[in-house]
Structure formats: structure tokens, C-alpha cells
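The chain contents come next:
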Amino acid sequence: MGPHPAVAAIRLAVRRALHDILNNHHASGGPGRQAFGTPQDRTAERLPSPLVLVACSGGADSMALASALAFEAPKLGVRAGGVTVDHGLQPGSDLRADEVALRLRELGLDPVESVAVTVGRAGGPEAAARDARYAALDAAAERHGATAVLLGHTRDDQAETVLLGLARGSGIRSLSGMAAVSGAGGRYRRPFLGLDRQTARKACMVQSLPVWDDPHNTDPAYTRSRLRHEGLPALEKALGKRVVEALARTAQLSRDDADALDAWASQAESSVRDAAGLLECAKLYALPPAVRRRILRRAAIEAGAPAGSLFARHIEEVDRLITGWRGQGAINLPGKVVAQRQGGRLVIRQG
């Protein structure tokens, strides 16, 4: 008799992610066990196998991910470790982080590390906690020489991210949600984007894995929490239970479109700059709006505007310097960046 269907589903998702990681690892010439290739490859000198870390909060999603990684990694010759981040936002968070680290060790993961961070205020509490968490995970990956870090985001998380992007009105890139592979060199992997949250929770239950439910996930002070417990249930009631699956599918379709437009904008950018590297307004005007606005956004970020603070309304204002020129003055952007039209050129620089 095989494993419970929920356990089988999480293990299959992780196995696929590990195969991708190994293929990329070997293709890039990185050290690792020759799990693929010719017999001659497999008889060659075997260097230390790649290390994959799981980011684990102790919640059902990440505990299910940790258990699947611990089960699948040894079969593929992959070293598996774990990291838990203590945000210090709740009483006893340090003790809870130590408990999570202990559970990861009990699963057989090594190395395992608990990292305490200080959460700032920039962008609000949710964004600040996320920034601190990813900075800690990046540092841990560098410290241990990890090839990849697995994250436990599920299809439900993806649906929430799409709706949050829709509410911000930030364009198709926001609707594309979270990528299955992201970060520098494809460091971050999200194997569970095709699985729902209940599958992960069921997998923990049948394996008798203790989980921790973060009270912040039910706190109405947080936007995502309100969306999760009020917004999505209302949508499911009005549109049917498959709305989460449809939103996740929308994310993938939007990501494909956004990637194509980004590639187009990257290729077109050099053609709209003059010999001095300044953007020529007439050539920008001739481009499709979606391509032109991507070039404007990229130019603003290169000038020093923080990407996380640069919204669609900012780019629309800059775009009007191209499409609706009436002699208007400079546009102030986040990061003390200024955009203005001068002699048929668009100048974007620190003001």
C-alpha cells in the first residue's frame, strides 16, 4: 500500500523540483553527484552533492515541504537542510523557532539553522517582514553554499497574490503572481504552486507532523489575512470553488505574457536611445504602450527609484511626457528621481 494521496502529491512535487535543480546544477558545471548523464559521467570523480534548503516557519505548508524534501533528497543524492526565521514579532518567537529547528533535525535535515532578524518599517509590516526574511534566507544560502531554497507557497497563496496585485492596479506583472523559480540564479523554488493548502495540511496530519498556525494569518489588521478569510470565501461563494484554481491559472498566463513583453522591451530599448544614451521621445511614442512603459519603468529604476515603491500611476505620469506633452514640468518619482522632457529627449535622473 502506497502513501496517502496527499503525501504522494507533495513528494511528487518536490521530486520534480529536485530533478530540475539537479539538471540545472550539472548543466552549469557546478559540483555535485552525477545523478544523470552517461555511464562515464557516473564513474567520474564524485564531488559533494548539491545542498537544498527548505525555508520552514513551522506552519502546515512548510512542514509538509520539509518532510517531502527529507524523504526525496537522499534518493537523488541531494543534501537537504533547513532554515527557520525568527521575526521577533511575537512573544516567545525565539523558543518557537528553536522548536521548528528541532523538528527539522528530527526529519533528518542537516544543516539546520534558526536565524533571528530585525524587521523594519519600510513598506508596511508585511513587506518589511518579507524583506527581512528573504535577506536572511539569502544570507543562509550563501553561508552554507546552498544551490536552492524551497518555499512552501501553495496555489491558494498564488490566488491571494493575484488578487492583491489586481487591487493595486499595477499591471500584468502583478497579476502574474509568484514564479515557480525566482531569485538570483534561480535560487528560490516553489514546488507547491500547483497544490492547494488543504493538501499540505492533510499531508502533515497523516504523517503526525506537528504544525504551528501563525496568529498573524488570522489577524484582520493584515491585508492578506482579510483577503484569505473574507475576500476569497466571498468570491468562492459567488463564483464557485474553482476560483482559486482559475486565479492561479491566470497568474501563469499573465507571467508568460509579461515575460514576452519584457523581452520585447529589452530588445527595443537600445533603438530608442540617442548616441548619448538619452531616450528619444518620438521613438518612444512609436512603440506599443506596454513596451514603452516597461522601458520607462526600467529607466526609472536604473536612475535610483526603488522598484517596490514605483507604481503604475508613476509610470503613467512619466508616459504622459511622451504621449500627452503640453509643456508640463518635471515628474517626481520615488527615491528622489525626477523625469522631465528636454529638447525631445526624456531625462530621468536623481533630482
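Given the structure is predicted, the values throughout are model-derived calculations rather than measurements.

Novice: Describe in detail the sheet that holds strand 4 (residues 148-150), supporting the description with residues and values.
Specialist: The sheet built from six strands is open, its strands ordered 3-2-1-4-6-5 with mixed pairing. Two strands bound the open sheet, and with one partner strand each, they are strand 3 (112-116) and strand 5 (181-182). On the sheet, helix 3 (residues 60-72) packs against strand 1 (51-55), strand 2 (79-86) and strand 4 and is oriented at approximately 160° with respect to strand 1.

Novice: Pulling in residues and values, what's your account of the sheet that holds strand 8 (residues 331-333)?
Specialist: Pairing is antiparallel across the open sheet formed by four strands, whose spatial order is 7-10-9-8. Two strands close off the open sheet at either side, each with one partner strand: strand 7 (279-280) and strand 8. Across two bridges, the pairing between strand 7 and strand 10 (residues 345-350) is antiparallel. Counterpart to Leu 279 in the pairing with strand 10 is Leu 346.

Novice: I'd like to hear about the nonpolar core, residue by residue, with values.
Specialist: Residues Val 14, Leu 18, Leu 69, Leu 109 and Phe 192 are the most contacted members of the largest nonpolar core, which totals 36 residues. Looking at this core, the elements with two or more residues in it are helix 1 (5-27), strand 1, helix 3, helix 4 (93-106), strand 4 and helix 8 (197-206). Dropping the residues within four chain positions of it, Val 14 is found in contact with Leu 65, Ala 68, Leu 69, Glu 72, Leu 150, Pro 191 and Phe 192. Counting residues in each nonpolar core, the second largest holds 25 residues, with Leu 284, Ala 305, Ile 322 and Leu 333 among its members.

The rules behind each value
- Residues numbered from 1 in each chain as written.
- Predicted model: local features only at pLDDT ≥ 70, side-chain atom pairs only at ≥ 80, totals over all residues.
- Heavy atoms only, no water.
- Pairing = 2+ DSSP bridges.
- Helix = DSSP H or I, 4+ residues; strand = E, 2+ residues; numbered from the N terminus.
- Contact = heavy atoms within 4.5 Å.
- Axes fitted to C-alpha atoms, helices over the stretch in contact; angles between N-to-C directions.
- Core = buried A, V, L, I, M, F, W, Y, C linked by side-chain atoms within 4.5 Å.
- Buried < 20%, exposed > 50% of the residue type's maximum accessible area, 1.4 Å probe, protein only.

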